[in-house]
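Chain residues, written in single-letter form:
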Amino acid sequence: MQIVELIHKKRDGEALSSEEIGWLVEQYTNDAIPDYQVAAWLMAVFWRGMDARETSDLTLAMAHSGEQLRVREMVVPVVDKHSTGGVGDKVTLAVAPLVAACGVAVGKMSGRGLGHTGGTVDKLESFQGLRTSLASEEFLHILQQHGIVIAGQSSQLAPADGKMYALRDVTGTVDSIPLIAASIMSKKLAIGGSHLLLDVKVGSGAFMKTVEQARELAVAMVEIGRVGGMHTVAAITAMDQPLGRAVGNVLEVVEAIAILRGEGPGDVSELCYHEAAELLVMTGKARDQAEAEDLVAAAVRGGAAVAKFAEVIAAQGGDPRQVERPELLPAAPLRRMLTAPRSGYIAAMHAERIGLASMRLGAGRFKKDDAIDHRTGFILQARVGDYCHQGDPLVEIHARNEDEAAAIQQELLRCYTWSDEAVQPGPLIYEVIHP
Ligand code: URA
């Protein structure tokens, strides 16, 4: 086979065979094809797309390109959960211990912040001493002992995706639905959980800007799950304003702990309880959503959910007292309250720009190797649809110093759209796609 023939074929809109896709992935993983030819092929895929069979073939080939953990051979059921990323998205931090507290194991590898979106690994590292870089043996050991583990993505897993993702990042080929679906699902299949819940975010703070795009991605991933033997369900959920009130690493951890205690903000708590319940139904732990929501509510009320979170933090080397007493987590030295510049209803909040503003305070990275400040970020005081009087609290800014807090204020105000008429916020969950 010749790579140049495969580039021609895809450039001309033809489908590649399973053998051709398998060969390309294997040769690229072994450095037998140069980046520039794979970049040309990726650009052809970007324009011509891939059908469902090609997308599954690419996913399986990438999943098999490195180590495979096969976690479901040790613990069954064992669930995984993935969000396509958003602003203030602390759902994984709450859903994983909620599900584990209800008796279903969770084995999860997460990423760091990407662009304006936060990452679970960065958030978890708010805990002093906590390790997210776990060798496979330790990952499996913690999973078996505690029924929950949340680690950083191992580079041994799906290395073909690691190489291809880095190449896509610098060749304008990231936002292709089949390539995104294959990239995400290859890592999930390499971990080998039995059930996967995907949270596909849509809106101004998400990579998918329309429900149609989000649906296409969700359907592609559910289909790959079916072919790969992993029971996969995808929820399409709103990211047109930040989720909950906290944006920033420690601040989001504190909010996740509040959700586990039943004291979190309404929207994000509702989403976490819903997703946890969905996983309990998927795994047969509950007969239906109502029974599952009762189990989740009992785990919150009885303290089992927050205790499970403290247990996994301790198992990964963190200090569980910081879960019991979140005021022990590090805090930014300065808090400033930004107030509403006018009276009116909040018609929209630009989630992506709020995410970028939090990065400027130090909560995210502009370059791959930037250090982040876990303490900084925002507590949003009002949400879309709320009425504010001029001068009411709008955003509590948690900053390193006075200059940084002052510099961000105008930018934050530009994230808000106001209305004199009452505004109805959109739905939190658009649809759920089952196999
Ligand atoms: N996250 C991934 O893991 N892969 C993509 O292609 C996009 C987001």
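Parameters and conventions
Residues numbered from 1 in each chain as written. Predicted model: local features only at pLDDT ≥ 70, side-chain atom pairs only at ≥ 80, totals over all residues. Heavy atoms only, no water. Near = heavy atom within 4 Å. Polar contact = N/O pair within 3.5 Å; in protein donor to acceptor, adjacent residues only side chain to side chain. Areas by Shrake-Rupley, 256 points an atom, 1.4 Å probe, with all protein chains shown as cover. Helix = DSSP H or I, 4+ residues; strand = E, 2+ residues; numbered from the N terminus. Nonpolar A, V, L, I, M, F, W, Y, C, P; charged D, E, K, R; others polar. Buried < 20%, exposed > 50% of the residue type's maximum accessible area, 1.4 Å probe, protein only. Axes fitted to C-alpha atoms, helices over the stretch in contact; angles between N-to-C directions. Parallel < 35°, antiparallel > 145°, perpendicular 65-115°, else oblique. Left-handed = near helix turned anticlockwise from the far one by under 90°. Contact = heavy atoms within 4.5 Å. Salt bridge = Lys/Arg side-chain N within 4 Å of Asp/Glu carboxyl O. Domains from an automatic or database assignment. Buried area = accessible area lost by both parts, 1.4 Å probe. Phe/Tyr/Trp six-rings, centres within 6.5 Å; stacked < 30°, edge-to-face > 60°. Lys NZ or Arg CZ within 6 Å of the ring centre and 35° of its normal. Pairing = 2+ DSSP bridges.

**A short note on the site of the ligand**
In step 1: As a matter of local geometry, the ligand sits amid Y165, R168, I180, S183, I184 and K187.
In step 2: S183 has a polar side-chain atom sitting 2.6 Å from a nitrogen atom of the ligand.
In step 3: With respect to the ligand, the side chain of K187 contributes an N or O atom lying 2.5 Å from an oxygen atom.
In step 4: For the ligand, the protein covers 84% of the area, taking 240 Å² as the surface of the free molecule.
In step 5: Counting only elements with at least two residues in the shell around the ligand, the list comes to helix 8 (159-169) and helix 9 (177-191).
In step 6: Top element by residues in the shell around the ligand is helix 9. It accounts for four residues.
In step 7: A class-by-class count of the residues in the shell around the ligand yields three nonpolar, one polar and two charged.

**Regarding the environment of G162**
In step 1: By the secondary structure assignment, G162 is in helix 8.
In step 2: What makes G162 partly exposed here is its relative accessible area of 44%.
In step 3: Put simply, G162 and S183 are 21 residues apart on the chain and 8.6 Å apart in space, counted from C-alpha to C-alpha.

**Description of the packing of helix 9 against helix 10 (residues 211-228)**
In step 1: The geometry of helix 9 relative to helix 10 is characterised by a closest axis approach of 9 Å and an angle of 40 degrees between their N-to-C directions. Classified by the angle their axes make, helix 9 and helix 10 are oblique. Handedness of the helix 9/helix 10 crossing: right-handed. Where helix 9 abuts helix 10, its residues I177, I180, A181, A182, I184, M185 and L189 lie against Q213, E216, L217, A220, M221, I224, G225 and G228.

**A closer look at the pattern of salt bridges**
In step 1: A full pass over the atoms with the stated rule returns 29 salt bridges.
In step 2: With a closest N to O distance of 3.0 Å, D161 and K187 form a salt bridge. Of this pair, D161 sits in helix 8 while K187 sits in helix 9, and the two are 26 residues apart along the sequence. K187 carries the same exposure label as D161, and that label is buried.
In step 3: R360 is paired through a salt bridge with E411; the nearest N and O atoms lie 2.2 Å apart. Taken together, the residues span a long stretch of sequence, with R360 in helix 16 (residues 351-360) and E411 in helix 17 (residues 402-413) at a distance of 51 residues.
In step 4: Using a relative accessible area of 19% as the deciding quantity, one classes E411 as buried.
In step 5: Bridged by salt links that share partners, the residues R112, D122, E125 and R365 form one connected network.

**Things to note about the domain arrangement of the chain**
In step 1: When its domains are assigned, the chain resolves into domain 1 (3-49), domain 2 (71-325) and domain 3 (333-419).
In step 2: Summarising the inter-unit geometry, the C-alpha centres of domain 1 and domain 2 are found 31 Å apart.
In step 3: With 14 residues of domain 1 in contact, the opposing surface of domain 2 contributes 13 residues.
In step 4: Across the interface of domain 1 and domain 2, roughly 1,100 Å² is buried in total on both sides, 79% from carbon and sulfur atoms.
In step 5: Sorting the residues of domain 1 by area buried against domain 2 places Y28, L42 and F46 first, and these three jointly supply 49% of that buried surface.
In step 6: Connecting domain 1 to domain 2 are one salt bridge.
In step 7: For D31, the salt bridge goes to K163, with nearest N and O atoms at 2.4 Å.

**Points about the packing of aromatic side chains**
In step 1: Enumeration according to the criterion identifies four aromatic pairs in this entry.
In step 2: Look at F46 and W47: their rings are 5.3 Å apart centre to centre, the planes differ by 85 degrees, and that puts the pair in the edge-to-face class.
In step 3: By relative accessible area, which is 66% here, W47 ends up exposed.
In step 4: The residue whose ring lies beneath K163 is Y28, and the NZ or CZ to ring-centre distance is 4.1 Å.
In step 5: Cation over ring: K187 sits above Y165, and NZ or CZ is 6.0 Å from the ring centre.

**Re the pairing of strand 5 (residues 231-238)**
In step 1: By the criterion of burial, strand 5 is predominantly enclosed, with seven of the eight residues buried.
In step 2: Inspection of the sheet shows strand 4 (residues 195-202) paired to strand 5 by eight bridges, in the parallel sense. Bridging across to strand 5, D199 finds its partner in A235.
In step 3: Of the pairings in the sheet, the one linking strand 5 to strand 13 (residues 429-433) comprises four bridges and is antiparallel in character. When the bridges of strand 13 are listed, A234 appears paired with I433.

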